[in-house]
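Analysis of the macromolecular model
Single-letter residue listing:
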Amino acid sequence: MNKFALHMLPRAVAAALLAVGAMPAAAVDLDYTVRLGLQHNDNINFSETDPVSENIFIPGIDFTLQQDGARLRVNLAGSLEYRKYLDGTYDSTTRSALNGLAEWILVPQRLNWSFQDNRSVQPINELAADSPDNQQQTNAFATGPSLLFGAGKAINGQFDLRYIESHAEQTQQFDTRRTAAALNLGHDIDATSRISANVNGQAVRFKHAALGADFTRYDLYADYSRKLNRLDLDLAAGYSQLDFDNATMQDSNGPLLRLSLGWQPETRSRFNLSLARQYTDAADAMLGSNISGTLPSGVNTGDASVTAQAYLQRSVDLGYSWQGERAGFTLTPYWRDYDYPESTTLDRQGRGFNAGVGYRLRPRLSLGISASAERETYQAINRNDRTRSLSASLDYQMTRRLNWNLSYTRYERRSSIAGQSSNQNVVYFQLILRR
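**Quick notes on the overall build of the protein**
For the protein, the helix and strand inventory stands at 2 helices and 20 strands. Taking 435 residues into account, the globule formula puts the C-alpha radius of gyration at 22 Å, and the protein, at 23 Å, falls close to it. Across its three principal directions, the C-alpha atoms of the protein cover 65 × 55 × 45 Å. Across the 435 residues that make up the protein, the buried fraction comes to 39%. When contacts within the protein are restricted to residue pairs at least 6 apart in sequence, long-range pairs at least 24 apart make up 56% of them. Accessible surface for the protein amounts to roughly 22600 Å². Of this, 56% is attributable to carbon and sulfur atoms. Charge separation in the protein, taken as the distance between the mean sites of 44 positive and 45 negative side-chain charges, equals 7 Å.

**What about the nonpolar core?**
Core analysis: the largest hydrophobic core is formed by 12 residues, namely A140, A142, I164, A168, F174, A180, A282, A283, M286, L287, A304 and V306. Of all the secondary-structure elements, those providing two or more residues to this core are β6 (135-150), β7 (156-168) and α2 (282-287). Among the elements that line this core, the one with the most residues is α2, at 4 residues. Once you skip the residues sitting within four places of it in the chain, A282 turns out to touch F174, S305, T307 and Y311.

**Quick word on the confidence of the model for the protein**
Residues shown with low pLDDT carry predicted positions that ought not to be read at fine detail. Model confidence for the protein is summarised by a mean pLDDT of 92, while 94% of its residues fall at 70 or above. The low-confidence segment residues 1-26, where pLDDT is below 50, has 33 contacts with residues more than four positions distant or belonging to other chains.

**Quick notes on a nonpolar patch on the surface**
Where nonpolar side chains cluster on the molecular surface, the patch consists of L36, L38, F57, L86, Y396, M398, L406, Y408, V427, F429 and L431 and spans about 900 Å² of accessible area. Sorting the residues of the nonpolar patch by element identifies β1 (29-41), β19 (402-415) and β20 (422-434) as the ones contributing at least two each. For the nonpolar patch, the element with the most residues is β20, which contributes 3 residues. Tracing the chain through its elements places F429 in strand β20. Judged by relative accessible area, which is 37%, F429 ranks as partly exposed.

**Quick word on the pattern of salt bridges**
Tallied over the entire structure, the rule returns 25 salt bridges. For D245, the salt bridge goes to R205, with nearest N and O atoms at 3.6 Å. Pair noted here: D245 is in the loop between β11 (231-244) and β12 (252-266) and R205 is in strand β9 (residues 193-206), with a separation of 40 residues, a long-range link. Residue classification places D245 among the partly exposed positions, given a relative accessible area of 48%. On the basis of relative accessibility, which here comes to 33%, the residue R205 falls in the partly exposed class. Its salt-bridge partner being R268, residue E325 comes within 3.8 Å of it at the nearest N-O pair.

**Examining the environment of R348**
For R348, the position within the fold is in strand β16 (residues 348-362). Apart from the residues within four sequence positions on either side, R348 is in contact with E126, S305, R336, D337, Y338, Y340, E376, T377, Y378 and Q379. Only 3.1 Å separates the side chain of R348 from the backbone oxygen of L346, close enough to count as a polar contact.

**Overview of the packing of aromatic side chains**
Taken as a whole and assessed by the stated rule, the structure comprises 10 aromatic pairs. Centre to centre, the rings of Y311 and Y338 are 5.2 Å apart; their planes meet at 85°, and the pair counts as edge-to-face. Separated by 27 residues along the polypeptide, Y311 in strand β14 (residues 311-323) and Y338 in strand β15 (residues 327-339) bring together distant segments of the chain. Judged by its relative accessible area of 8%, Y311 is buried.

**A short note on the environment of R277**
Structurally, R277 can be placed in strand β13 (residues 269-280). In this structure, the C-alpha to C-alpha distance between R277 and A180, residues 97 residues apart in sequence, is 21 Å. R277 has contacts with G254, P255, L256, L257, L312, Q313 and R314, leaving out every residue within four places of it along the chain. Within the structure, the side chain of R277 is placed 2.7 Å from the backbone oxygen of P255, a separation counted as a polar contact.

**Concerning the pairing of strand β10 (residues 215-227)**
Examined bridge by bridge, β9 and β10 share 12 bridges and lie antiparallel to one another. Directly across from N198, in β10, lies its bridge partner Y221. Counted along the chain from β10 to the antiparallel partner β11, the turn is 3 residues long.

**Quick look at the pairing of β19**
Pairing of strand β18 (residues 383-397) with β19, which is carried by 13 bridges, proceeds in the antiparallel orientation. Along β19, the bridge assignment pairs S391 with T409. Between β18 and the antiparallel strand that follows it, β19, lie 4 residues. Linking β19 to β20, which pair antiparallel, is a turn of 6 residues; within it G419 sits at a positive phi near 85°.

The rules we used
- Residues numbered from 1 in each chain as written.
- Predicted model: local features only at pLDDT ≥ 70, side-chain atom pairs only at ≥ 80, totals over all residues.
- Heavy atoms only, no water.
- Helix = DSSP H or I, 4+ residues; strand = E, 2+ residues; numbered from the N terminus.
- Rg over C-alpha atoms; globule rule 2.2 N^0.38 Å.
- Buried < 20%, exposed > 50% of the residue type's maximum accessible area, 1.4 Å probe, protein only.
- Contact = heavy atoms within 4.5 Å.
- Areas by Shrake-Rupley, 256 points an atom, 1.4 Å probe, with all protein chains shown as cover.
- Lys, Arg positive; Asp, Glu negative; His and termini not counted.
- Charge placed at Lys NZ, Arg CZ, Asp CG, Glu CD.
- Core = buried A, V, L, I, M, F, W, Y, C linked by side-chain atoms within 4.5 Å.
- pLDDT = per-residue confidence, 0-100.
- Patch = residues over 30% accessible without salt bridge, like charges linked within 9 Å, V, L, I, M, F, W, Y side chains within 5 Å.
- Salt bridge = Lys/Arg side-chain N within 4 Å of Asp/Glu carboxyl O.
- Polar contact = N/O pair within 3.5 Å; in protein donor to acceptor, adjacent residues only side chain to side chain.
- Phe/Tyr/Trp six-rings, centres within 6.5 Å; stacked < 30°, edge-to-face > 60°.
- Pairing = 2+ DSSP bridges.

What follows is the structure, encoded as structure tokens:
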């Protein structure tokens, strides 16, 4: 997707929303919020020695769209916002985010055509702080057919063929064209369990040849899933191979493992566990992100390394949540390890946690407190970064459709590299109109 198409995407989303408004109400489930916000940031440039204070006017819209029709299935979640820097520190800008999947059913139960898109704001340089001049739009788009077939009474199969493009506004290492194919043969053991055999292949070609080594990735694995009233399990195990076209690059291979486990011991609480050992890259990970179906809450800057170079990911995520009548609590510790075969500069390990508490003070007034901490170590460049944030918010429901939200966030970063440590305080007021 070229830069023109990248900038046109917010208009395409707006046009799609207008088109949805003309569809029959029963055909589409559309939800949205319209926001007007005013933010004060006492260190918008996140400088250690020369902080700059800035006030920002932020109107925006968040939406979800779902349709499950006989000929078209759609699942979209996105945000669009305009940022006006009132003190003139930075030029005004429009930011957008979209995660969506649409399937056009050409021949029922035989042939579908898929369109998938993930648009987000990511850092230009992940080693620098999150300031407005270190942000860029990225986009990963995939399209192609899916053939559904049966191989005997007990086996059902699916063959997917995709053309994929990834593009970033600034970082040309993210710009690629790809072809991918996947074959899935599955068997429903019973109403709650399924087992499948899978073969995937993806050929990645960089648009700027000097910025990355073209490669092909193959995955062969078996998958077992089971869904019960209080237990969800998905386990994939197999083998992966990375073949580089550059003769100076050493091919990589190793086991593939993914585990997702959810357990709900009683109605109010839930435990989650996710494990992964797999080869992937930033664009592939973006297209693989789940579409939650819940309304987004603005356009946030991600933490991806914006390069299409492949890496080995090893990760562990834990989660616990509890929800009572007036109070709720979440805690999610995690561990990450990323190894890049092509370049060790971005090799890193990270560990941290996110936590949140919510309490309804009155029928219409709620208090929220959240905290996070992370430590990342970049082995090859001998760098250590520690970040912490603490946030508190009040939300008041004025009417059924209208509410306001006031939040304060304290963000701190400490780095072993000179000039990369700083603090930031952000106050944000929003007026929110719901559908």
